[in-house]
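# Per-entry structural report
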Amino acid sequence: MELYLRSLKDPQIIQKNPYMRSGDACRLMNNLKRIYDESVPLHKLNRIVIHKTTHFTKEEMEGITKGLASVDNIELLQI
């Protein structure tokens, strides 16, 4: 397990909750994919599940999808 933290460049605040803009979400997913690829170079990442307690905004979904374009199965779950 590896913890990866980074600040958002331009968070969108909705009802006191921060949400990522498309660019932030894309950069975050690109970086996480790169970290995974470097740590497990022999295995292609085919599926990823992202959980969060608030809803996913349209901008977040667009950025996540763009940042993980090479991943076949992406699930976004609100718990």
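Details of the structure are given in the entry above.
The rules behind the values
Residues numbered from 1 in each chain as written. Predicted model: local features only at pLDDT ≥ 70, side-chain atom pairs only at ≥ 80, totals over all residues. Heavy atoms only, no water. Phe/Tyr/Trp six-rings, centres within 6.5 Å; stacked < 30°, edge-to-face > 60°. Lys NZ or Arg CZ within 6 Å of the ring centre and 35° of its normal. Core = buried A, V, L, I, M, F, W, Y, C linked by side-chain atoms within 4.5 Å. Buried < 20%, exposed > 50% of the residue type's maximum accessible area, 1.4 Å probe, protein only. Helix = DSSP H or I, 4+ residues; strand = E, 2+ residues; numbered from the N terminus. Contact = heavy atoms within 4.5 Å. Axes fitted to C-alpha atoms, helices over the stretch in contact; angles between N-to-C directions. Left-handed = near helix turned anticlockwise from the far one by under 90°. Nonpolar A, V, L, I, M, F, W, Y, C, P; charged D, E, K, R; others polar. Pairing = 2+ DSSP bridges. Right-handed = clockwise from strand over helix to strand, strands pointing away.

### Re the packing of aromatic side chains
The final tally for this structure, using the stated rule, is zero aromatic pairs. Positioned above the aromatic ring of Phe56 is the side chain of Lys52, whose terminal nitrogen or guanidinium carbon lies 4.9 Å from the ring centre.

### Observations regarding the nonpolar core
Met20, Ala25, Leu28, Met29, Leu45, Ile50, Phe56, Ile64, Leu68 and Val71 together form the largest nonpolar core, which totals 10 residues. Considering each element in turn, this core owes the most residues, three residues, to helix 1 (residues 22-39). Those residues in contact with Val71 that sit more than four places away from it in its chain are Lys33, Leu45, Asn46, Arg47 and Ile48.

### Thoughts on the side chain of Asp24
Within the secondary structure, Asp24 is located in helix 1. Setting aside chain neighbours within four positions, we find Asp24 in contact with Arg6, Leu8, Lys9, Asp10 and Pro11.

### Points about the environment of Asp10
Relative to the assigned elements, Asp10 resides in the segment before strand 1 (12-14). With residues near it in sequence (within four places) discarded, Asp10 still touches Arg21 and Asp24.

### Structural notes on the environment of Glu75
Along the polypeptide, Glu75 turns up in strand 4 (residues 73-78). As a C-alpha pair, Glu75 and Arg34 span 41 residues in sequence and 19 Å in three-dimensional space. Here Glu75 is in contact with Arg47, Ile48, Val49 and Ile50, once residues within four sequence places are set aside.

### Brief notes about the packing of helix 1 against helix 2 (residues 58-67)
As a packed pair, helix 1 and helix 2 sit with axes 7 Å apart at the nearest point and diverge in direction by 35 degrees. Judged by the twist between their axes, the crossing of helix 1 over helix 2 is right-handed. Contacts from Ser22, Ala25, Cys26, Met29 and Asn30 of helix 1 reach helix 2 at Glu59, Glu60, Glu62, Gly63, Ile64, Lys66 and Gly67. Residue composition of the contact of helix 1 with helix 2, by class: four nonpolar, four polar and four charged.

### Focus on the pairing of strand 3 (residues 47-52)
Sheet topology note: the strand 3/strand 4 ladder contains six bridges and is parallel. Bridging across to strand 4, Lys52 finds its partner in Gln78. Since strand 3 and strand 4 lie parallel, the crossover through helix 2 that links them has a hand, and here it is right-handed.

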